[in-house]
Structures are given as structure tokens and as C-alpha cells.
Amino acid sequence: MGAWGLGLFQSDDDFDIVDDISEEAGFPQRITGKQGNHIIGLKTTANGKKFVCHLSDDLAKNRLSIYADNNKSQATKIAIREHLDGGKLQELIDKYTTKYHAKEEEAFPAPESGYILCILGACATTLGCKLLASFKAQLRALYPAVFHLSEAQGQLKKALDGPGGFQDGTPYDFGSVGLQELMTSKKADAECKRGIFGMNVGGQFTPFAPKPPPADLGVKARVKMELIKEEGKHPRDACGQCGKSTTEDGKAMLVCSRCKERKYCSKECQVAHWPLHKAAGSGVCQPKYWFAQ
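Quick caveat: nothing in here was measured; it's all calculated off a predicted structure.

A. Expanded view of the packing of aromatic side chains. Scanning the model with the defined rule gives 4 aromatic pairs in all. For the pair phenylalanine 9 and phenylalanine 174, a centre-to-centre distance of 6.2 Å together with 65° between the ring planes defines the contact as edge-to-face. One end of the pair, phenylalanine 9, is in the segment before α1 (12-24); the other, phenylalanine 174, is in the loop between α6 (150-161) and α7 (179-183), with 165 residues separating them in the sequence. Overall, the relative accessible area of 5% leaves phenylalanine 9 in the buried class. Both rings, one in tyrosine 115 and one in phenylalanine 147, keep their centres 5.2 Å apart while their planes meet at 80°; by these two values the pair is edge-to-face. Pair noted here: tyrosine 115 is in helix α4 (residues 112-127) and phenylalanine 147 is in the loop between α5 (133-146) and α6, with a separation of 32 residues, a long-range link. Both residues of the pair, tyrosine 115 and phenylalanine 147, count as buried. Among the aromatic side chains, those forming a connected cluster through ring pairs are Phe9, Tyr67, Tyr172 and Phe174. Positioned above the aromatic ring of tyrosine 100, the side-chain terminus of arginine 222 is 4.0 Å from the ring centre.

Right, dumping it as C-alpha cells:
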């Protein structure tokens, strides 16, 4: 297992994770059918439509994936985005966030669930999915500690914070040459002639990997993730401070004017919740946005 470049989606690890979470999202890579045919398709769609491929040789160019560049048609990308925005993306985020907080994994070189969350977020941006501010805050907390390849760090930072960063609803291009294309490129071929095939860079979680980030980055990521967890203890349709779902005067809930997500039943609750909301938001909400509108 190794990497062919220093960017996102250029390592075997990324490639395998994309395949695994694509299947978890409901996009099986292959299902053996009658006479050995292979059916590739969405498990659930609004109209029940399936995409069918009869030759296993066509898997690479027809497989469905949460990484936009792996899909053949624009219609397929849109169908996958709608499926993810319908609740499946949040389901996956919740699953791996829970696993991260359970601390069931080795901390070295990095918690794998944290890395998976970053790859999941990166894939979602390539499709133009809607990302909650809380998930973007998670990504900002995690990527410096879990990404060991320098270009990958810079790519996700730019997507999250710009310039020219990701906008909900608009597919984002990281500018990474895909693994398959990179593997067959003349550059990769030249770099591998004097080394072990496929080990020219070294994967994220292999003996050939670059040195992991300083340990304190992992500690900072843990602290930030705990703050985000605490800030999100009440659902987004309830008051962030007290958890009430209605205001005392029966009027509409107040909404943070910057993140447009966190709601409050009163200005008093927002002021009380502000230190935690600010700390967990990773720069999303600033003091001038204290009062909900």
C-alpha cells in the first residue's frame, strides 16, 4: 500500500476508504448476479432505478462512488448527491464521529475514523453536498492532525477557508489527478523505476508513510472535537443552550446570523451559549454576530 502523489485521492489508503464508504452509503461496487454478471447500482433511489453493468471489466469506468471523479455521468453524480443530502451523509458523519469519541482506535499515526471523516468531507464537496457548519468545524479540527501528506492538507484547507473555497450546492474541484490516472502517468512510471512499485511516496498508515504531525496536534484535535460535541448536545432545531424547541412568546426561534444553523429561544440563551459556540465553531461565528436575528 502506498501513494503516487502527495495530494488527496492519490494514495491507496484514500482509494480504499472511498470504496468502503461508498458501499456504506448504498453504492455497492459489485454484486454477483445470474451467470456471473455484475450489477452496479444504487440500493435506494426515489424511482428505484438501478445502473447495470454486465462485464466486470467495466467496473472501473462504471462504478458508483461518493467521490465525484469516479463516476461516469453527471446524472449519476446528481443522484448520488441527492441520496447523500437526504440523510445518508449525516448518518455516516454520526457513525464515524461516535467512533472517534469512543477512542477505540490507536492514536498513532492518527485515529482512522478522523481520517475517514476528512475523506468523507472531501468527497462530499466534490459532489456539491450541503455541509453543516458543525461538520466543517470538525474537518478544520481534524485535518492538520490526520493528513500526513502536505498537499492534501493544503487542498482541504483551501476548500474550507478559501480563497475560492467550497460552496454548498456547487461541486468542488481539488485539482488532484486521480489515483488510476496517476498510476498510469509517465511521471509515476519514471519515479517508480528505481523503487518499489507503488511505494514511491508511502501511504498514510504504512511503514513508508511520512512522519506523522506533532503529537500536540492530535491533542488539539481531540480538545476541539470534544468542544464541538458539547456544543452539539442539543439538536439544531432546538435551543443550543437550554434545548427548548419553542420560545416563551410563541415567536419563531432566533437563528445565529452567521452560521444560519444554531437556534436559540432567547437572546439570553444565546449570550450564555456564545463562549461554547464560538470555541467550537473554529472561526465560523465571530463576536459581531453575537445576537441572533
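Here the narrative resumes, following the displayed structure.
B. Structural detail: the packing of α4 against α5. It is at 9 Å that the axes of α4 and α5 come closest, and there the two elements cross at 125°. Relative to α5, the element α4 lies oblique. Crossing angle aside, the handedness with which α4 passes α5 is left-handed. Counting all contacts with α4, which are made through Gly114, Tyr115, Leu117, Cys118 and Gly121, the residues of α5 involved are Phe135, Leu139, Leu142, Tyr143 and Val146.

What counts, and where the lines are drawn
- Residues numbered from 1 in each chain as written.
- Predicted model: local features only at pLDDT ≥ 70, side-chain atom pairs only at ≥ 80, totals over all residues.
- Heavy atoms only, no water.
- Phe/Tyr/Trp six-rings, centres within 6.5 Å; stacked < 30°, edge-to-face > 60°.
- Helix = DSSP H or I, 4+ residues; strand = E, 2+ residues; numbered from the N terminus.
- Buried < 20%, exposed > 50% of the residue type's maximum accessible area, 1.4 Å probe, protein only.
- Lys NZ or Arg CZ within 6 Å of the ring centre and 35° of its normal.
- Axes fitted to C-alpha atoms, helices over the stretch in contact; angles between N-to-C directions.
- Parallel < 35°, antiparallel > 145°, perpendicular 65-115°, else oblique.
- Left-handed = near helix turned anticlockwise from the far one by under 90°.
- Contact = heavy atoms within 4.5 Å.

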